[in-house]
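The lines below spell out each chain.
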Amino acid sequence: MSVAVILVAAGRGERLGAGAPKAFVMLGGQTLLEHAARAALDCPEVTHLVVVAPSSHLDDAAHALRPLDHADRVDIVAGGDERTASVAAGLRALRHEDGIVLVHDAARALAPSELFGSVIHAVRSGHPAVVPGVPVVDTIKEVDGSGRVTATLDRSRLRAVQTPQGFLREVLEHAHAHDGGPATDDAGLVERAGGHVRVIEGDVRAHKITTPADLVVAEQLLEC
Ligand code: CTP
Ligand code: MG
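Residues numbered from 1 in each chain as written. Chains lettered and ligands numbered in written order. Predicted model: local features only at pLDDT ≥ 70, side-chain atom pairs only at ≥ 80, totals over all residues. Heavy atoms only, no water.

### What to know about the nonpolar core
Here is step 1: If you look at the biggest cluster of nonpolar residues, it comprises 35 residues, and the most contacted ones within it are Leu-7, Leu-33, Leu-49, Leu-102 and Phe-116.
Here is step 2: The set of elements that each furnish at least two residues to this core consists of strand S1 (2-8), helix H1 (32-42), strand S4 (46-53), helix H2 (58-65), strand S6 (98-105) and helix H4 (113-124).
Here is step 3: Not counting residues up to four positions away in its chain, the partners in contact with Phe-116 are Val-5, Ala-39, Ala-40, Cys-43, Leu-102, His-104, Ala-111 and Pro-164.
Here is step 4: Core analysis: the next-biggest nonpolar cluster, separate from the first, contains 20 residues, Val-87, Val-101, Phe-167 and Leu-172 among them. (Core = buried A, V, L, I, M, F, W, Y, C linked by side-chain atoms within 4.5 Å. Buried < 20%, exposed > 50% of the residue type's maximum accessible area, 1.4 Å probe, protein only. Helix = DSSP H or I, 4+ residues; strand = E, 2+ residues; numbered from the N terminus. Contact = heavy atoms within 4.5 Å.)

What follows is the structure in structure tokens.
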């Protein structure tokens, strides 16, 4: 089964506040988009990369990816207003032979190629939906609208999940068709459609760049 990666890069990056969509922010001399695309394409099993870019920045995306020189493996399509709509746009661009689909956030620009390989391996081993996750270090409390704590969750049972998230194509397509409503990750849609999701060990480098402080952390990670 061939493996495609849908790389969602169509967000506005409002919390980063860099004055440009986040995928085009520079980190160590490359855009976040180039870092993420390079890691995906460095995974030998990935034969198709669908980059989902802001509709206003399709040419910029092509320009950012030019150093990669993998034109035959890469398609660039326009995203939507919400992340879920951007993933759906990526799904529409899949090729006939794409049987396993990974969805990855360009904002997790330093997720290593090996993490893509581990997710693919877990899907091939029989898990139809796979997410990388890391233990949570903070104590997580549930609160109501007034800020009153309603529960303290058992941290040992919690995982902070990352991308790339991997799926059998039909499972992801079914989840999006079943409920394309707002969701912060694709595994959440699979869960809402009644599917089972498996967590595998994540990677600190797959940390999401959301705020300016995260960009500082990413610069440090680059030097490791
Ligand atoms: N994303 C997308 N299309 C959207 C919204 C988000 O492709 N309409 C992508 C982002 O480009 C990012 C990933 O989804 O790679 C995770 O989203 P997030 O970290 O929230 O990025 P932004 O939406 O760009 O940031 P913000 O919410 O601060 O504006
Ligand atoms: Mg967002």
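Structure shown, so let's carry the discussion forward.
### Examining the packing of H1 against H2
Each packed pair of helices is defined by two parameters, the angle between the axes and the distance between the axes.
Here is step 1: Where H1 meets H2, the closest approach of the two axes is 9 Å, and the angle between their N-to-C directions is 55 degrees. Between H1 and H2, the angle is such that the two are oblique. Read as a crossing pair, H1 and H2 show a hand that is right-handed. Contact with H1, carried on its side by Leu-33, Glu-34 and Ala-37, involves Ala-61, Ala-64 and Leu-65 of H2 and no other residues of that element.
Here is step 2: Within the contact of H1 with H2, the residues separate by chemical class into 5 nonpolar, no polar and 1 charged. (Axes fitted to C-alpha atoms, helices over the stretch in contact; angles between N-to-C directions. Parallel < 35°, antiparallel > 145°, perpendicular 65-115°, else oblique. Left-handed = near helix turned anticlockwise from the far one by under 90°. Nonpolar A, V, L, I, M, F, W, Y, C, P; charged D, E, K, R; others polar.)

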